[in-house]
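Okay, here's what each chain looks like letter by letter:
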Amino acid sequence: MWGWCRCAVWSLLLILLTAGAAVAAEVAGEKRVALVIGNAQYHTGGPATGMAANASAMADALRRAGFTVTVGNNLDHRSMVAALSRFQDSLADADLGFLYYSGLALSLSAKGFLVPVDAKLASEYDVIFDTIELDYALKELQSAGRKAVAVFDPVPGHPLADKLTVAMGDAGRSVKPVLATPSALDNLFVAYAHRPGVPPAPLSGNGPSPFTAALAQEMVKPGVPLRDALAEVARVVVGKTKGAQHPWLQDRLGGDLVLVPATGVAALPPPKPDAAKPETPKPEEKPAVLEVEVEPLDEKRVTTRDTNLRTSPDVKSSVLTVLRHDTEVKVTGRPRKGSGWLRVEHDGKTGFASAANLARPEEAGGRNAPVASAAPATPEAATGIYAVARPSTMFARPMLGARSVRDLEQGQMITVVEAVPDSNWVKVRDRFGQEGYVTAAALSRWSDAVAERAPPASPSPVVTRGDVDPLAGALSGASGPTEMAALPAAPRGGSAPPGDPVVKGLASPFREAVDSGRSAAARAAAGPNSAAGLARTAGERARQAQASARQAADLARSGQSTGHRAHRFPNGDVYEGAWARGFENPLQPSLSKQGFGVYRFANGQVYEGEWKGDVMAGYGVMTFTTGDRYEGTFSANTPNGPGIYRFTNGDVYAGEVRQGRVEGYGEMAFSNGDRYQGMIVDRLPSGNGELILRGGARHVGQFRGGIQDGPGASVDGGGAMRPGYWRGATLLGE
């Protein structure tokens with residue numbers, strides 16, 4: 001009997017607290033929106049235990065905390081992207097947002113990914129295109145300009161993740177069914193059910209996880225900051241999992257966030273009207289628009305999304321009406337206090353709308369948009385140089401939610417390659433040759449003059465090659481794909497051999513660029529004393545040193561030579577070869593590697609060559625764990641001087657190497673038959689040089705970051721020359 005009464009008392013208190021929280025949130029005037037995603041039924045690998053219960057428990061707690069909740073269960077990639085996009089739109093007009101995800105999550109190469117239910121994950125390629133990158137989702141939340149909370153409680157393990165690990169072989173060791181540390185973004189509060197990179201504890205039963213169950217209880221306690229609630233959640237989770245799981249959070253909100261304000265009991269309902277005196281119905285009252293001091297304006301704008309028209313420049317003010325996407329309105333003023341708003345008129349109503357949601361017709365691609373001012377919708381008009389109008393993201397595919405290639409800064413120059421038919425997306429190339437997709441609204445013309453000189457035809461093709469990652473620094477053996485723009489079609493006509501008067505007749509910047517490019521190419525690859533010639537000589541001597549080192553290693557293993565021995569170091573490295581005894585200290589003579597020998601690193605890397613004073617010095621061959629190989633000169637344990645670097649994809653570099661970097665004059669022979677001769681920086685053509693395509697055409701002039709950039713000339717197979725100025729591999733003018 002007492003147990004029943006106690007349950008009844010607790011139930012009554014819970015009802016009062018819940019009602020009080022909802023009323024408090026309503027009185028505060030905040031608009032709160034939440035998106036709850038629970039992916040429990042995966043098409044491959046079967047159900048994810050507990051995820052449906054997690055989503056249900058969290059959705060209920062968020063409603064009690066005053067949020068308008070949207071629940072998405074078992075979302076495929078398209079539905080998940082659409083849900084995140086709609087949530088971002090709703091957050092733009094709210095005061096606080098809350099994103100909750102429970103389902104399969106992965107980390108790969110230090111990046112986190114949320115996995116829709118239709119993902120296949122048979123290769124790394126599938127991770128890129130079938131999942132949603134966590135940092136992308138968080139940046140979308142941040143771009144709404146509101147405070148937001150993001151909570152992730154992934155499934156501890158799933159056969160789909162195991163399948164990916166097996167399919168990727170040795171590389172699969174970097175795959176984990178957990179989330180990696182996210183980017184630190186202002187105005188976001190991010191919480192994980194587990195520490196980054198450490199799986200949560202296995203679940204038992206079909207109920208909510210210990211983390212979500214505790215959070216749903218603690219976050220609705222009146223007057224408790226969310227950070228304090230998470231601290232209590234962590235205590236509960238650590239206790240229930242016996243220390244196997246520790247929640248983690250990253251708070252960039254800049255102050256305490258209380259989801260449920262401290263309040264007493266729920267407000268009483270208003271008294272019923274006296275039956276003897278029936279209440280006279282009042283006419284419907286329309287919200288009054290406040291008088292606000294504004295700077296007068298008179299222009300047209302177009303809404304870029306559904307936007308609330310409010311009575312004052314404040315998200316807490318009443319809504320007069322909703323302006324649908326692509327609605328044309330008249331802007332009559334800008335508040336002197338609150339520059340993020342505009343006073344607008346539409347359909348007889350005057351109010352205030354967020355300036356971020358209003359664009360000039362030409363920026364929004366409206367009916368009156370001048371071609372020179374906005375990214376056009378046709379491939380013919382879209383090609384050319386543009387400036388990034390606002391911070392944006394370049395995606396691998398023309399859709400939100402695709403893998404992000406890189407972030408674009410406002411004002412950055414970029415080449416539009418082509419427009420995507422029947423969409424507002426365009427394909428672009430940055431100055432480093434990376435390609436991806438952005439929305440046309442994110443770009444604006446660099447200048448009308450440049451736009452008029454840009455070639456109106458379809459863009460140049462690209463020659464794909466594999467080069468060393470330009471950001472990797474020293475010779476690490478890490479290879480990654482890059483792209484070099486191919487030359488535009490050269491005009492047919494007479495030939496112009498090197499040194500021909502045609503070159504002397506070019507305008508000054510083009511003539512100087514051609515002369516400098518040819519001079520750099522000659523220094524790089526013409527003759528035995530060129531950089532490439534010296535590198536080939538060094539490579540030959542390095543291979544001879546390699547043979548001597550292997551002979552020395554055989555002697556060391558045989559134990560028949562007093563000057564050769566094998567030694568295993570404590571870290572697992574092994575040296576087999578010649579040693580020398582040092583007598584700097586007569587009482588304690590020392591041994592050092594001297595002569596020829598083979599050094600095998602514990603990670604699989606191997607050096608075969610000369611040693612001087614216990615360091616790699618002279619000629620030798622270094623084979624990296626990826627299969628890449630360097631043949632040439634070494635000093636102080638570092639590749640330095642002339643040498644040859646052979647990449648696993650078939651590319652070969654012969655030239656100068658400076659302190660472990662492929663940098664200086666040299667020749668790069670690409671696996672597709674193309675060659676570059678000239679100055680190279682960070683393993684990419686940069687400076688003066690000449691690119692020779694396998695078909696006989698060539699480009700001579702200035703390069704930057706692996707692509708043509710600056711004055712130069714294209715030359716066809718017969719020698720016909722086309723001078724011009726390139727920017728980002730695009731010919732701007734002749």
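What comes next is a walk through the structure.

## Let's talk about the environment of R629
Then, in step 1: When you line up the elements, R629 lands in strand β33 (residues 629-635).
Then, in step 2: Sequence-wise, R629 and F647 are 18 residues apart; in three dimensions their C-alpha atoms are separated by 6.7 Å.
Then, in step 3: Ignoring any residue separated from it by four or fewer positions in sequence, one finds R629 in contact with V621, M622, T623, F624, I644, Y645 and R646.
Then, in step 4: Within the structure, the side chain of R629 is placed 2.8 Å from the side chain of E631, a separation counted as a polar contact.

## Some words on the nonpolar core
Then, in step 1: If you look at the biggest cluster of nonpolar residues, it comprises 51 residues, and the most contacted ones within it are L138, L141 and F152.
Then, in step 2: Per-element accounting of this core gives the leading share, 6 residues, to helix α3 (residues 77-92).
Then, in step 3: Residues within four places of F152 in sequence aside, it is in contact with L99, Y101, L114, L134, L138, L179, V190, A191, Y192 and A193.
Then, in step 4: In terms of nonpolar packing, the next biggest core, distinct from the first, is built from 33 residues, A59, A214, V237 and L259 among them.

## Let's talk about the environment of D60
Then, in step 1: With respect to the secondary-structure elements, D60 resides in helix α2 (residues 51-64).
Then, in step 2: Through-space distance from the C-alpha of D60 to that of A216 is 8.0 Å; in sequence the pair is 156 residues apart.

## Topic: the packing of helix α7 (residues 210-218) against helix α8 (residues 226-240)
Then, in step 1: Relative to each other, α7 and α8 sit at 145°, their axes nearing to 9 Å. By crossing handedness, the relation of α7 to α8 is classed as right-handed. Residues P210, F211, A214, L215 and E218 of α7 form the contact with α8, whose own contacting residues are A229, L230, E232, V233, V236, V237 and K240.
Then, in step 2: Its residues assigned to classes, the contact of α7 with α8 shows 9 nonpolar, no polar and 3 charged.

## Structural notes on α7
Then, in step 1: Looking only at α7, the buried set comprises F211, T212, A214, L215, A216 and E218.
Then, in step 2: Buried-residue contacts for α7 involve α2, β5 (96-102), β9 (147-152), β10 (188-192) and α8.

## Some thoughts on the pairing of strand β12 (residues 294-303)
Then, in step 1: Bridging between β12 and strand β15 (residues 328-335) involves 7 bridges; their strand directions are antiparallel. Following the sheet pairing, V294 is matched in β15 by P335.
Then, in step 2: Sheet analysis places β12 next to strand β18 (residues 358-359), joined by 2 bridges and oriented antiparallel. Its bridge partner being in β18, V302 is matched across the sheet by A359.

## Considering the pairing of strand β37 (residues 675-681)
Then, in step 1: In terms of burial, β37 is largely enclosed, as 5 of its 7 residues are buried.
Then, in step 2: Where strand β36 (residues 661-669) meets β37, 6 bridges bridge the pair, whose relative direction is antiparallel. Looking at β37, one finds that Y665 is bridged to M679.
Then, in step 3: Hairpin connection from β36 to β37: 5 residues lie between these consecutive antiparallel strands, with G673 at a positive phi of about 105°.
Then, in step 4: Pairing between β37 and strand β38 (residues 684-692): 6 bridges, direction antiparallel. Its bridge partner lying in β38, Q677 is registered against E690.

## What about the pattern of salt bridges?
Then, in step 1: Here the structure, examined in full by the defined rule, presents 23 salt bridges.
Then, in step 2: A salt bridge links E328 to K300; the shortest N-O distance between them is 3.8 Å. Of the two residues, E328 is situated in strand β15 and K300 in strand β12; the sequence distance between them amounts to 28 residues.
Then, in step 3: In this structure, the salt-bridge partner of R557 is E576, at a minimum N-O distance of 2.6 Å. Highlighted residues: R557 in helix α14 (residues 531-558) and E576 in strand β29 (residues 574-582), separated in sequence by 19 residues.
Then, in step 4: Under the relative-accessibility criterion, R557 is labelled partly exposed at 46%.
Then, in step 5: Take E576: its relative accessible area is 10%, and that puts it in the buried class.
Then, in step 6: Look at the salt bridges and you will find they share partners, linking R543, R629, E631 and R646 into a network.

## Section: the packing of aromatic side chains
Then, in step 1: Applying the stated criterion to the full structure yields 16 aromatic pairs.
Then, in step 2: For the ring pair Y599 and W611, a centre distance of 5.7 Å and an interplane angle of 45° mean the geometry is tilted. Here the residue Y599 occupies a position in strand β30 (residues 590-600), and W611 occupies one in strand β31 (residues 606-612), the gap between them amounting to 12 residues.
Then, in step 3: An angle of 70° between the planes, with centres 4.9 Å apart, marks the rings of Y607 and F634 as edge-to-face. Residue Y607 is located in strand β31, and its partner F634 is located in strand β33; the two are separated by 27 residues in the primary sequence.

## A few points about the sheet that holds strand β6 (residues 105-108)
Then, in step 1: In spatial order, the strands read β6-β7-β8; together these 3 strands make up an open sheet with antiparallel pairing. This sheet does not close on itself; its edge strands, each paired only once, are β6 and β8 (132-133).
Then, in step 2: As judged from the 4 bridges shared by β6 and strand β7 (residues 111-114), these two strands associate in the antiparallel manner. Looking at the pairing, S107 lines up with G112 of β7.

Rules used in this analysis
Residues numbered from 1 in each chain as written. Predicted model: local features only at pLDDT ≥ 70, side-chain atom pairs only at ≥ 80, totals over all residues. Heavy atoms only, no water. Helix = DSSP H or I, 4+ residues; strand = E, 2+ residues; numbered from the N terminus. Contact = heavy atoms within 4.5 Å. Polar contact = N/O pair within 3.5 Å; in protein donor to acceptor, adjacent residues only side chain to side chain. Core = buried A, V, L, I, M, F, W, Y, C linked by side-chain atoms within 4.5 Å. Buried < 20%, exposed > 50% of the residue type's maximum accessible area, 1.4 Å probe, protein only. Axes fitted to C-alpha atoms, helices over the stretch in contact; angles between N-to-C directions. Left-handed = near helix turned anticlockwise from the far one by under 90°. Nonpolar A, V, L, I, M, F, W, Y, C, P; charged D, E, K, R; others polar. Pairing = 2+ DSSP bridges. Salt bridge = Lys/Arg side-chain N within 4 Å of Asp/Glu carboxyl O. Phe/Tyr/Trp six-rings, centres within 6.5 Å; stacked < 30°, edge-to-face > 60°.

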